[in-house]
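Coordinate inspection notes
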Amino acid sequence: LTRIPNPDGDKPDAGHERTEMASLEVGKVQIYTGDGKGKTTAALGLAMRAKGYGLDVLMLQFAKKLHCAEHDAAPRLGLRIEAGPMRDTPEACAEQIMELAREQMIKVDVLILDELGEAIRRGFVTREDVEGLIALKPATTELVLTGRGLLPLADLADLVTEMRPVKHYFDEGLLARQGIEY
């Protein structure tokens, strides 16, 4: 896995101290899905809010093909983002991400599986894998799933938000812009 550098040094928990007050009373399962823009952005907003209250947040990313600006900004905010190594096959990458998710589920307050929808679409992760992960979820851990095509998992979630494009400048020929879409 590729660990985004920590601004506080190489210590894995540097900058991630938890206070006695920092914990969730109730953790839920959230899904951000749909064909519209904003799924990862919504999850990052939630992550930033949680960090602001001292919660321990980990974002695991499937299928990110580009270096994204959040990889540079996250360490400055004390946010941990990990992605599978691009040199591995997509299947191996997804397997590593799911294994890390199972390991970390009991250690963090908020766990975000970004682009899970793509991993499911490509057959690298199954509904049963997600059900198993949810079964491991402590009652005080928030689990956030993002990606297209996650509506079939809606029955597993407590909150489902579908991003739907109403109007987008992409339709006028403006491609993804650095700092806005990636």
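Rules and cut-offs
Residues numbered from 1 in each chain as written. Predicted model: local features only at pLDDT ≥ 70, side-chain atom pairs only at ≥ 80, totals over all residues. Heavy atoms only, no water. Helix = DSSP H or I, 4+ residues; strand = E, 2+ residues; numbered from the N terminus. Buried < 20%, exposed > 50% of the residue type's maximum accessible area, 1.4 Å probe, protein only. Contact = heavy atoms within 4.5 Å. Pairing = 2+ DSSP bridges. Core = buried A, V, L, I, M, F, W, Y, C linked by side-chain atoms within 4.5 Å. Salt bridge = Lys/Arg side-chain N within 4 Å of Asp/Glu carboxyl O. pLDDT = per-residue confidence, 0-100. Expected span 1.5 Å × (residues − 1). Polar contact = N/O pair within 3.5 Å; in protein donor to acceptor, adjacent residues only side chain to side chain.

Below, the discussion takes up the overall build of the protein chain. Along the backbone of the protein chain there are 5 helices and 7 strands. Along the protein chain, from the amino end to the carboxyl end, the secondary structure elements read β-β-α-β-α-β-α-β-α-α-β-β. Within the protein chain, the proportion of its 182 residues that are buried is 43%. Pairs at least 24 apart in sequence give 77% of the contacts found in the protein chain among residues at least 6 apart.

What follows deals with the pairing of strand E5 (residues 110–114). E5 sits mainly inside the fold: 5 of its 5 residues count as buried. The alternating pattern of E5 places Val110, Ile112 and Asp114 and Leu111 and Leu113 on opposite faces, both of which are buried. Both strand E3 (residues 57–61) and E5 contribute to a ladder of 5 bridges, which runs parallel. What sits directly across from valine 57, in E5, is valine 110. As judged from the 4 bridges shared by E5 and strand E6 (residues 142–146), these two strands associate in the parallel manner. Directly across from leucine 111, in E6, lies its bridge partner leucine 143.

By secondary structure assignment, the location of leucine 159 is in strand E7 (residues 159–163). Owing to a relative accessible area of 36%, leucine 159 belongs among the partly exposed residues under this scheme. Residues contacting leucine 159, with those up to four places away along its chain left out, are Val29, Gln30, Ile31 and Tyr32.

Ranked by size, the top nonpolar core spans 26 residues in total, and within it Phe62, Leu111, Leu113, Leu143 and Leu145 carry the most contacts. The greatest single-element share of this core, amounting to 6 residues, is contributed by helix H3 (residues 90–104). Ignoring sequence-local partners within four residues, the contact set of leucine 143 consists of Lys28, Val29, Gln30, Met105, Leu111, Leu113, Leu133, Ile134 and Lys137. Core analysis: the next-biggest nonpolar cluster, separate from the first, contains 16 residues, Tyr32, Val57, Ile112 and Met163 among them.

On inspection of all chains with the given rule, the structure shows 6 salt bridges. Put simply, glutamate 99 and arginine 102 hold a salt bridge, and the shortest N to O gap is 3.2 Å. Here arginine 102 and glutamate 99 lie together in helix H3, a separation of 3 residues that amounts to about one turn. Residue class for glutamate 99 comes out partly exposed when judged on its relative accessible area of 37%. For glutamate 131, the salt bridge goes to arginine 127, with nearest N and O atoms at 2.9 Å. With glutamate 131 and arginine 127 both in helix H5 (residues 127–136), this residue pair falls 4 residues apart, about one helical turn. By relative accessible area, arginine 127 is classed as partly exposed at 26%. Counted as one network, the salt bridges with shared partners bring together Arg127, Glu131 and Asp155.

On to the confidence of the model for the protein chain, then. Here the protein chain shows a mean pLDDT of 87. Residues at 70 or above account for 86%. Below a pLDDT of 50 lies the segment residues 10–19, which in the model reaches 18 contacts outside its immediate sequence neighbourhood of four places, other chains included.

As a further point, take H3. Between its terminal C-alpha atoms H3 stretches 21 Å, which fits the 21 Å expected from 15 residues at 1.5 Å a residue. The elements touched by buried residues of H3 are E3, strand E4 (80–83), E5 and H5.

The residue aspartate 114 is located in strand E5 in this model. Engagement of the side chain of aspartate 114 in a polar contact is seen with the side chain of glutamine 61, the distance being 3.1 Å. In this structure the side chain of aspartate 114 is engaged in a polar contact, spanning 2.6 Å, whose partner is the side chain of threonine 146.

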